[in-house]
Amino acid sequence: MSQSQTYAPNPEFAARAQVKSIEEYRALYERAKTDPERFWADLALKELTWFRPFGQTLEWQAPFAKWFSGGKINASYNCLDRHLTTARKQKPAFIFEGEPGDQRVITYQELHHLVSRFATVLKQLGYQSADRAIIYMPMIPELPVAMLACARLGITHSVVFGGFSAEALKARILDLNATVVITADGGWRRGREVRLKDAVDEALEDCPDVRHVVVYRRTGSAIPMKEGRDHWWHELDAQLSNDPFIHHEAENCPAEELDSEHPLYVLYTSGTTGKPKGILHTTAGYLLQTAITMKWIFDLREDDVYWCTADIGWVTGHSYIVYGPLTAGATCILYEGAPDYPAFDRFWQIVEKYRVSIFYTSPTAIRALIKQGERWPEAHDLSSLRLLGSVGEPINPAAWEWYNRVIGKERCPIVDTWWQTETGAIMISAMPGAIPTKPGSATLPLPGIVADIVDHNGAPVPANREGYLVIRQPWPSMIRNIWGDPKRFQEQYWSRVPSAYFTGDAARRDEDGYFWVLGRVDDVMNVSGHRLSTMEVESALVHHPAVAEAAVVGKPHEITGQAVCCFVTLKQGDWNHQVLGNELRQWVAHEIGPFARPDEIRITDALPKTRSGKIMRRLLREIVTTHAVTGDVTTLEDLTVVTKLASQQDEE
Ligand code: WTA
């Protein structure tokens, strides 16, 4: 890829950037490489506020890491309280816009107030450090308020994306053994109400350990409230004022002094089996790396208006709407709804209205907007933008070029940020004032991150060869464990190649050392930048009474990157294929969530299997990608199955 175009950093941008040149980047990288512990320890003391400083920087007993042991810290304190003694007290922390157009500006002081009161509410209900809360809310300010209130008390939270179904919610409540659910009546999406509380009620039929449900009133629609279990947020809040002592405490609820390794949150993500895994992140290391990347990658300045368009229900929202930006003292836009509602210029309207300077979105969103044409962004003044970011999947060079030309007006650097739920924070990305970019490449690893590309023995592969992307040394925001399943944690991430963290991504590195991430090597699909396991969809399908077997693969899709394509065989019966196809798509949406709805259901007589009975997904992938099968089929039990499937495709 040496021919691909290289864009040097914009000199005007570089002159004011926090990291100003490639030499400066290299010097930082070298310093981190020579003495990583010293490097991270210095940063941790500088960037975070500690109740008690840590003793040891890193205790590493692979694969278990402890960062900043002995330190006492609180994430909510670092996001809020420490800013109140500075000019940031009156600075907006969030500028919220609801989908219907309602607005709220919440300063750091006001956010602190809301968090302090809600933490007191949780205390009054009897919750404390080491309890676990599920948060299932729309993208409104009370979502980060709930997260920060939990963090303030040491309650480990797990945010479940509002697009997940009652079934998925239930699985997460049970796996985490949560005892409280924080939710809302509903939220707005494309003009319709997403009824969250209904899903909570359905999920809780089988979750006896949940003692309380706190419900924020967002849409105002009628919902049933279960006596003794369900409480309105505003009523609990109002009760705080009845008792003068509690009222006083609610105004300034102290942040618990927690260990550096206190479990901050668990976020469920799809893995290679049907069961989602709870990725555990802890406090100090996670905060450090999310905050420092706000400076290194987003070049955050005091007067920036920063907007990450992700949903807080995914890791991008945790790290780059809540914990990173607030620790760094940023002003963040929080937008509730869809990018195309009421029209395709909603993003650009918001950028213009609030003078957004840093904009971070996904390739899927960019491709969807490209399709609508340039007149939508052109109708708006985008001159406030100074930096653009991308995350979630490889950005194809055509989308990169459009983003650069139409949105960035060839003025704004683009940072293509590679990372994962498991890495907690950005790992490979350009530093916008320092690193020349090449469209489609995430460029170089951050200081302190030792990324490599290896074969299955762990040996580095030569330049421009494809291999597994691995990380060779521990980093502060790394996954600490899979909730309740250390064995799976070890097997999944630390056993696939010797002594390195296995990312599950394939990549290659060019002769300049630039990383080009190619996609997943496991059974994980990436649909609109959302991770979805093929097994998860398969197990949903085989729950349906008509389905005998199912095999699911990701199929290339122009806008969403990949789309879900399902091959199913049926049980005996008289099925109308077309009706059943629609029903199965709906079924998957109900079992997992609307975002997982299959693009295609192919009903077939048989699935290609090895002689030992394993479904050969590789062949199915090939069929949906190339419409033919070229690979090795010697282990295939019945070759006619494949020929038939491939020809079925040609008939379409
Ligand atoms: C993919 C999202 C190429 C990758 C932060 C990874 C990317 C998975 C990029 C993690 C990028 C994310 N270029 N691929 N810039 N960013 N990915 O856990 O396959 O939802 O393993 O975290 O998304 O998805 P996750």
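For clarity, every value in this text was computed on a predicted model and none was experimentally measured. (Residues numbered from 1 in each chain as written. Predicted model: local features only at pLDDT ≥ 70, side-chain atom pairs only at ≥ 80, totals over all residues. Heavy atoms only, no water.)

In terms of domains, the protein chain is made up of domain 1 (24-54 + 71-300) and domain 2 (542-651). On a C-alpha basis, the centroid separation for the pair domain 1 and domain 2 is 39 Å. Counting the surface lost from both domain 1 and domain 2, the interface buries some 450 Å², and carbon and sulfur atoms represent 57% of this. Applying the counting rule to domain 1 against domain 2 returns three residue pairs in polar contact (both at pLDDT 80 or more). Across the side of domain 1 that touches domain 2, the residue classes break down as three nonpolar, two polar and two charged. (Domains from an automatic or database assignment. Buried area = accessible area lost by both parts, 1.4 Å probe. Polar contact = N/O pair within 3.5 Å; in protein donor to acceptor, adjacent residues only side chain to side chain. Nonpolar A, V, L, I, M, F, W, Y, C, P; charged D, E, K, R; others polar.)

What the rule picks out here adds up to 40 aromatic pairs. A ring pair is formed by Phe 161 and Trp 314, whose centres lie 4.7 Å apart and whose planes are at 40°; its orientation type is tilted. Placement of Phe 161 in the loop between β7 (156-159) and α7 (166-176) and of Trp 314 in the loop between β16 (305-308) and α12 (315-327) is noted, with a sequence separation of 153 residues between them. Judged by centre distance (5.0 Å) and plane angle (75°), the rings of Trp 307 and Phe 347 are edge-to-face. With Trp 307 in strand β16 and Phe 347 in helix α13 (residues 346-354), this residue pair connects regions lying 40 residues apart in the sequence. With respect to burial, Trp 307 and Phe 347 carry one shared label: buried. Aromatic rings pair up to connect Trp 60, Phe 64, Trp 475, Phe 489, Tyr 493, Trp 494 and Tyr 501 into one cluster. When the ring centre of Phe 164 is taken as origin, the NZ or CZ atom of Arg 172, which lies over that ring, is 4.2 Å away. In this structure, Lys 438 packs its charged tip against the face of Tyr 514, placed 4.5 Å from the ring centre. (Phe/Tyr/Trp six-rings, centres within 6.5 Å; stacked < 30°, edge-to-face > 60°. Helix = DSSP H or I, 4+ residues; strand = E, 2+ residues; numbered from the N terminus. Buried < 20%, exposed > 50% of the residue type's maximum accessible area, 1.4 Å probe, protein only. Lys NZ or Arg CZ within 6 Å of the ring centre and 35° of its normal.)

Now for helix α19 (residues 577-591). Compared with the 21 Å implied by 1.5 Å per residue over 15 residues, the 20 Å span of α19 between its first and last C-alpha is a close match. Within the sequence span of α19, burial applies to Leu 580, Gly 581, Leu 584, Val 588, Ala 589 and Glu 591. As for α19, its buried residues are in contact with α7, α18 (534-542), β28 (547-557), β29 (561-570) and β30 (600-603). Put simply, Asn 576 is the residue that caps the front of α19, since its side-chain oxygen is 3.0 Å from the backbone nitrogen of Gln 578. Downstream of α19 by one or two residues, Gly 593 has phi in the positive range, about 155°. (Expected span 1.5 Å × (residues − 1). Contact = heavy atoms within 4.5 Å.)

As a further point, take the pairing of β29. In terms of residue burial, β29 counts as a mostly covered element, since seven of its ten residues are buried. Note that β28 and β29 share ten bridges and pair antiparallel. Residue pairing across strands places Gly 554 opposite Val 564, the latter belonging to β29. The loop that links β28 with its antiparallel partner β29 comprises three residues. For β29 and β30, the ladder comprises four bridges, and the chain directions are parallel. In the strand pairing of β30, Phe 567 is matched with Arg 602. Assessed by its sense of winding, the connection that carries the chain from β29 through α19 to β30 is right-handed. (Pairing = 2+ DSSP bridges. Right-handed = clockwise from strand over helix to strand, strands pointing away.)

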